[in-house]
Amino acid sequence: MEKKRILSGMRPTGRLHLGNLHGALANWVDIQNSGTYDCFYFVADWHALTSDYKDTDLIKAYSLDMVVDWLSVGLDPAKSVLFVQSEVKEHAELYLILSMITPLSWLERNPTYKEMQEELSNKDIGTFGFLGYPVLQAADIIMYKAYGVPVGVDQLPHVELTREIARRFNFLYKEIFPIPEPLLAEVPKLLGLDGRKMSKSYDNSIYLRDRGDVLRQKISSMFTDPQRMRKTDPGRPEVCNAFAFHNIYSPSSEIDEISDACRTAAIGCVECKKRLAERIADGMASTHERQDYYLNHLGDVKDIMDDGVQRASKIARLTMEQVREATKI
Ligand code: TRP
Ligand code: SF4
């Protein structure tokens, strides 16, 4: 019996950080390990072009770096299909066909589109490709007849548009596509070292590649409860970013102990973050082990991606046969 399919993608941003891990990747790994689904995870390199078309030098290197990090956190090519979008040309063909049936108004009212235009005002993204971003995403998703799409809340409008586009195709031509469900995971609220959203561009990230002194140094610089000026002031773990990390990386007895000690000023932030650094280092040990392996065997990583392309292409070819038949093209 074939399992239901899961599909998700990430733009190649290079090395991943703990925000990426706990915001998305960990969910991908959990879904993979549940054994309930056939999982397809891909590098959305064409999507990277929509905003970075002027500067494409790093896209390939970033894709490889990102897949190394995927493998290091436990995405497993024996369980999931890992591939690069631009290697499966069918995505482009389906994108073209879907672009014909997608009303412009659906794209123009997409909230992510408006937000991104403001956010990326330094880049010239008044392009056809940028407006069509969600159409390409719809093609990615329905190509594999995905049942579920694990995404963050920011991607919900895109999945909603995908559902509308799939319905429209089914209505105009033939019922080929199941309507995909967004799969939202509970994500812990983790911020960057400076208390802003963890982001590569803010230089406030803990990377999956950070270890040893770099890791310890970064954690010691993490913002804590801003009202706790002196060690003798009682602290508020519920507003402290370091505590949010303890919540993930420390055992529950220690979490309770630290929470009490913080409120009674029995522990200082320096000591608290030292303990956190050890917990995070321990928690990342197996990730670092796999990372060492794959960084020393980049040929393996490329083979994994080639194999993923083969496996994804098989399905994409079948879907496109049906699409051509349905559209009589
Ligand atoms: N837009 C997604 C992001 O920025 C990446 C993406 C591209 C994607 N195609 C997808 C995610 C298909 C899920 C399904 O993160
Ligand atoms: Fe945060 Fe720990 Fe300092 Fe409390 S003691 S404010 S939990 S870093």
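Section: the overall build of the protein
Then, in step 1: Helix and strand counts for the protein come out as 15 helices and five strands.
Then, in step 2: Its C-alpha atoms give the protein a radius of gyration of 22 Å, near enough to 20 Å, the size a compact globule of 329 residues would have.
Then, in step 3: Over its C-alpha atoms, taken along the principal directions, the protein stretches across nearly 75 × 40 × 40 Å.
Then, in step 4: The 329 residues of the protein split such that 50% are buried.
Then, in step 5: When contacts within the protein are restricted to residue pairs at least 6 apart in sequence, long-range pairs at least 24 apart make up 78% of them.
Then, in step 6: Of the roughly 16,600 Å² that the protein leaves accessible, carbon and sulfur atoms contribute 53%.

A few points about unusual backbone geometry
Then, in step 1: The residue Ala265 is not glycine, and still its phi comes out positive at about 60°.
Then, in step 2: In this structure, Ala265 sits in the loop between helix H12 (252–263) and helix H13 (269–283).
Then, in step 3: Within the chain, Lys328 stands out as a residue other than glycine whose phi angle is a positive 60°.

Observations concerning the nonpolar core
In a soluble, globular protein the nonpolar side chains are often hidden away together inside.
Then, in step 1: Formed by 50 residues in total, the largest nonpolar core has its most connected members in Leu18, Leu25, Tyr41, Trp70, Phe245 and Ile280.
Then, in step 2: Taken together, domain 1 (4–190 + 298–327) and domain 2 (212–283) each give at least three residues to this core, which thus spans both.
Then, in step 3: In terms of nonpolar packing, the next biggest core, distinct from the first, is built from 43 residues, Ala44, Phe177, Ile315 and Val323 among them.

Re the pattern of salt bridges
Pairing between side chains becomes possible if they bear opposite charge and their charged atoms approach one another.
Then, in step 1: One pass over the structure, following the stated rule, counts 22 salt bridges.
Then, in step 2: With a closest N to O distance of 3.7 Å, Lys174 and Glu325 form a salt bridge. Highlighted residues: Lys174 in the loop between helix H9 (156–172) and strand S5 (181–183) and Glu325 in helix H15 (residues 298–327), separated in sequence by 151 residues.
Then, in step 3: The exposure class of Lys174 is partly exposed, given its relative accessible area of 45%.
Then, in step 4: Between Glu254 and Arg275 there is a salt bridge, with the nearest N and O atoms lying 3.2 Å from each other. Note that Glu254 is positioned in helix H12 and Arg275 in helix H13, a separation of 21 residues in sequence.
Then, in step 5: Accessibility expressed as a relative area gives 7% for Glu254, which makes it buried.

Re H9
Two residues of an α-helix separated by three or four positions point the same way, owing to the 3.6 residues in each turn.
Then, in step 1: When the terminal C-alpha atoms of H9 are compared, their 24 Å separation across 17 residues agrees well with the 24 Å that a helix rising 1.5 Å per residue should span.
Then, in step 2: All buried positions along H9 are accounted for by His158, Val159, Leu161, Thr162, Arg163, Glu164, Ile165, Ala166, Phe169 and Asn170.

What to know about the site of ligand 2
Then, in step 1: Inspection of the region around ligand 2 gives Thr224, Asp225, Arg228, Cys240, Ala242, Phe243, Cys262, Cys269 and Cys272 as its neighbouring residues.
Then, in step 2: When contributions to the shell around ligand 2 are tallied by element, the ones reaching two or more residues are helix H11 (241–249) and H13.
Then, in step 3: Residues belonging to the shell around ligand 2 are distributed by class as follows: six nonpolar, one polar and two charged.

A few points about the environment of Gln322
Then, in step 1: By the secondary structure assignment, Gln322 is in helix H15.
Then, in step 2: For the pair Gln322 and Ile176, spaced 146 residues apart in sequence, the C-alpha to C-alpha distance is 7.5 Å.

Considerations on the packing of helix H1 (residues 18–34) against H11
Then, in step 1: Contact pair H1 / H11: the axes reach a minimum separation of 13 Å and the direction vectors enclose 55°. When the axes of H1 and H11 are compared, the pair comes out oblique. As H1 runs across H11, the sense of the crossing is left-handed. For the pair H1 and H11, contact is made by Leu18, Leu21 and His22 and by Phe245, Ile248 and Tyr249, respectively.
Then, in step 2: Residues of the contact of H1 with H11, tallied by class, amount to five nonpolar, one polar and no charged.

Reading guide: rules and limits
Residues numbered from 1 in each chain as written. Chains lettered and ligands numbered in written order. Predicted model: local features only at pLDDT ≥ 70, side-chain atom pairs only at ≥ 80, totals over all residues. Heavy atoms only, no water. Helix = DSSP H or I, 4+ residues; strand = E, 2+ residues; numbered from the N terminus. Rg over C-alpha atoms; globule rule 2.2 N^0.38 Å. Buried < 20%, exposed > 50% of the residue type's maximum accessible area, 1.4 Å probe, protein only. Contact = heavy atoms within 4.5 Å. Areas by Shrake-Rupley, 256 points an atom, 1.4 Å probe, with all protein chains shown as cover. Core = buried A, V, L, I, M, F, W, Y, C linked by side-chain atoms within 4.5 Å. Domains from an automatic or database assignment. Salt bridge = Lys/Arg side-chain N within 4 Å of Asp/Glu carboxyl O. Expected span 1.5 Å × (residues − 1). Near = heavy atom within 4 Å. Nonpolar A, V, L, I, M, F, W, Y, C, P; charged D, E, K, R; others polar. Axes fitted to C-alpha atoms, helices over the stretch in contact; angles between N-to-C directions. Parallel < 35°, antiparallel > 145°, perpendicular 65-115°, else oblique. Left-handed = near helix turned anticlockwise from the far one by under 90°.

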